[in-house]
2 protein chains.
Amino acid sequence: MDQAKYEAMLQVALEEARQGFAEGGIPIGAALFTEDGELVSRGHNRRVQEDDSSIHGETDAFRKAGRQRSYRKLIMVTTLSPCWYCSGLVRQFGIGTVVVGESRTFRGGADWLRENGVNIIDLDSAECRELLERYVAAHPEVWNEDIGKE
Amino acid sequence: MDQAKYEAMLQVALEEARQGFAEGGIPIGAALFTEDGELVSRGHNRRVQEDDSSIHGETDAFRKAGRQRSYRKLIMVTTLSPCWYCSGLVRQFGIGTVVVGESRTFRGGADWLRENGVNIIDLDSAECRELLERYVAAHPEVWNEDIGKE
């Protein structure tokens, strides 16, 4: 799949992140696609909106995909490099490809996933980075809570 | 904390697992406790009951604990060694101690957590093992789905 297709998928995750921002939440979005580029599900972090610490962008998209028998050929697209919680999800369920919007604000487990055979594509998107940085600058305590930083 | 206190905590997770079994679901339960042994939250796997692939025992207990500013001193008790998804949760949020009912049916990320500084206590409970084995023997396809095995 070429870069332009991954960029188009990232726009869906970015729409989710922007929606989260508009709701007053942490702006991280994610989506699952088939290998042919069809959208399976999409979601975003809702820690603030629902007072729910378990809803990261990736876990939300995963949940909304419903029960799947195999994730090997699915593509997880996320605006931010997945944290350990979401990296563990990717590894346990054998999601084959992860498209990462950016990994400058937060690194997470992307290298660990790559070492374990997951195809990681980092698009180094300035849009993703700027949106999250804007939130983190305004709400550092919520951001630290979301990544378990004391 | 002595072994008897961990065993008592495990009984709460085991009650959750039994409830899941009675509901027709995968019998894995978990609970979060303070370092003084006070119950914070409890939960169980509800993949079958709610058709929700994201609800493992540990993620359910974590969600029900609500937003916490620190997990360092909390104890996660689970009837089964945590899978990568739940191990990632433990690592990201810095849960300091994990009490494991058993790790014979499924190993998961317990060793990885130990290498990363998490205090892992494996109680090697025959009750936990027998309950899960009974389910796995009857519903191998649901069990494989739950651990992402194709």
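Where an unreviewed UniProt entry is consulted, chain A appears under the name Nucleoside deaminase, with the organism given as Occallatibacter riparius. Under the UniProt heading Subunit (unreviewed entry), the entry covering chain A gives this text: "Homodimer." In its Subcellular location (unreviewed entry) section, UniProt records this for chain A: "Cytoplasm".

Visitor: Would you mind going over the overall build of chain A in detail, with residue names and values included?
Guide: Regarding its fold elements, chain A presents 7 helices and 5 strands. Ordered by position in the sequence, the α and β elements of chain A form the string α-β-β-α-α-β-α-β-α-β-α-α. For 150 residues, the compact-globule estimate of 2.2 N^0.38 gives 15 Å, and chain A sits close to it at 14 Å. If you line up chain A on its principal axes, its C-alpha atoms span 40 × 30 × 25 Å. Across the 150 residues that make up chain A, the buried fraction comes to 59%. Total accessible area computed for chain A in this model is approximately 6000 Å², and 45% of it derives from carbon and sulfur atoms. For chain A, the distance from the average position of its 18 positive side-chain charges to the average position of its 25 negative side-chain charges is 5 Å.

Visitor: Let's hear about the interface of chain A and chain B: which residues, and what values?
Guide: Contacts between chain A and chain B engage 37 residues on the former and 37 residues on the latter. Overall, the association of chain A and chain B removes approximately 3200 Å² of surface from exposure, summing both partners, and the carbon and sulfur fraction of that is 48%. The tally of links from chain A across to chain B stands at 8 salt bridges. The shortest N-O distance in the salt bridge between Glu150 of chain B and Arg72 of chain A comes to 3.6 Å. Taken together, the links from chain A to chain B amount to 18 residue pairs in polar contact (both at pLDDT 80 or more). For the side of chain A that touches chain B, the secondary-structure elements that each account for two or more residues are helix 2 (47–50), helix 3 (57–64), helix 4 (84–92) and helix 7 (140–146) of chain A. For the side of chain A that touches chain B, the element with the highest residue contribution is helix 4 of chain A, accounting for 6 residues. Of the residues contributing to the side of chain A that touches chain B, the split by class is 13 nonpolar, 11 polar and 13 charged.

Visitor: For the packing of helix 4 of chain A against helix 4 (residues 84–92) of chain B, give the residues involved together with the corresponding values.
Guide: Interhelical geometry of helix 4 of chain A versus helix 4 of chain B gives an angle of 170° and a closest axis separation of 7 Å. Comparing their axes, helix 4 of chain B and helix 4 of chain A come out roughly antiparallel. The way helix 4 of chain A lies across helix 4 of chain B gives a crossing that is right-handed. Two secondary-structure elements touch here, helix 4 of chain A through Trp84, Tyr85, Gly88, Leu89, Arg91 and Gln92 of chain A and helix 4 of chain B through Trp84, Tyr85, Gly88, Leu89, Arg91 and Gln92 of chain B. Residues that form the contact of helix 4 of chain A with helix 4 of chain B fall into these classes: 6 nonpolar, 4 polar and 2 charged.

Visitor: Would you mind going over the sheet that holds strand 4 (residues 97–102) of chain B in detail, with residue names and values included?
Guide: Residue and element names in this part refer to chain B. Reading across the sheet, the 5 strands line up as 2-1-3-4-5 and stay open at both edges, with mixed pairing between neighbours. A single partner strand is all that each edge strand has here, and the edge strands are strand 2 (39–44) and strand 5 (119–122). Going from strand to strand, the sheet's axes swing by 15° on average, the running direction of each strand aside. As judged from the 5 bridges shared by strand 1 (residues 29–33) and strand 2, these two strands associate in the antiparallel manner.

Visitor: Tell me about unusual backbone geometry, residues and numbers included.
Guide: Located in the positive-phi region is Asp51 of chain A, a residue other than glycine, with phi close to 50°. Checked against the element boundaries, Asp51 of chain A lands in the loop between helix 2 and helix 3.

Visitor: Lay out the side chain of Thr59 of chain B with the relevant residues and their values.
Guide: Mapping Thr59 of chain B onto the fold places it in helix 3 (residues 57–64). For Thr59 of chain B, the side chain forms a polar contact with the main-chain nitrogen of His56 of chain B, separated by 2.9 Å.

Visitor: Give me the lowdown on the pattern of salt bridges, citing residues and values where you can.
Guide: Here the structure, examined in full by the defined rule, presents 32 salt bridges over all chains. As a salt-bridge pair, Glu50 of chain A and Arg46 of chain A come within 2.5 Å of each other at their nearest N and O atoms. According to the relative accessible area criterion, Glu50 of chain A is partly exposed, its value standing at 45%. Judged by relative accessible area, which is 13%, Arg46 of chain A ranks as buried. For the salt bridge of Asp111 of chain B with Arg107 of chain B, the shortest nitrogen-to-oxygen distance reads 2.9 Å. Of the residues examined, Asp111 of chain B reaches a relative accessible area of 33% and is grouped as partly exposed. Within this structure, Arg47, Asp51, Glu145 and Asp146 of chain A together with Arg67 of chain B form a network of salt bridges that share partners.

What counts as what
Residues numbered from 1 in each chain as written. Chains lettered and ligands numbered in written order. Predicted model: local features only at pLDDT ≥ 70, side-chain atom pairs only at ≥ 80, totals over all residues. Heavy atoms only, no water. UniProt positions renumbered as here; feature names shortened; annotations may be inferred. Helix = DSSP H or I, 4+ residues; strand = E, 2+ residues; numbered from the N terminus. Rg over C-alpha atoms; globule rule 2.2 N^0.38 Å. Buried < 20%, exposed > 50% of the residue type's maximum accessible area, 1.4 Å probe, protein only. Areas by Shrake-Rupley, 256 points an atom, 1.4 Å probe, with all protein chains shown as cover. Lys, Arg positive; Asp, Glu negative; His and termini not counted. Charge placed at Lys NZ, Arg CZ, Asp CG, Glu CD. Contact = heavy atoms within 4.5 Å. Buried area = accessible area lost by both parts, 1.4 Å probe. Salt bridge = Lys/Arg side-chain N within 4 Å of Asp/Glu carboxyl O. Polar contact = N/O pair within 3.5 Å; in protein donor to acceptor, adjacent residues only side chain to side chain. Nonpolar A, V, L, I, M, F, W, Y, C, P; charged D, E, K, R; others polar. Axes fitted to C-alpha atoms, helices over the stretch in contact; angles between N-to-C directions. Parallel < 35°, antiparallel > 145°, perpendicular 65-115°, else oblique. Left-handed = near helix turned anticlockwise from the far one by under 90°. Pairing = 2+ DSSP bridges.

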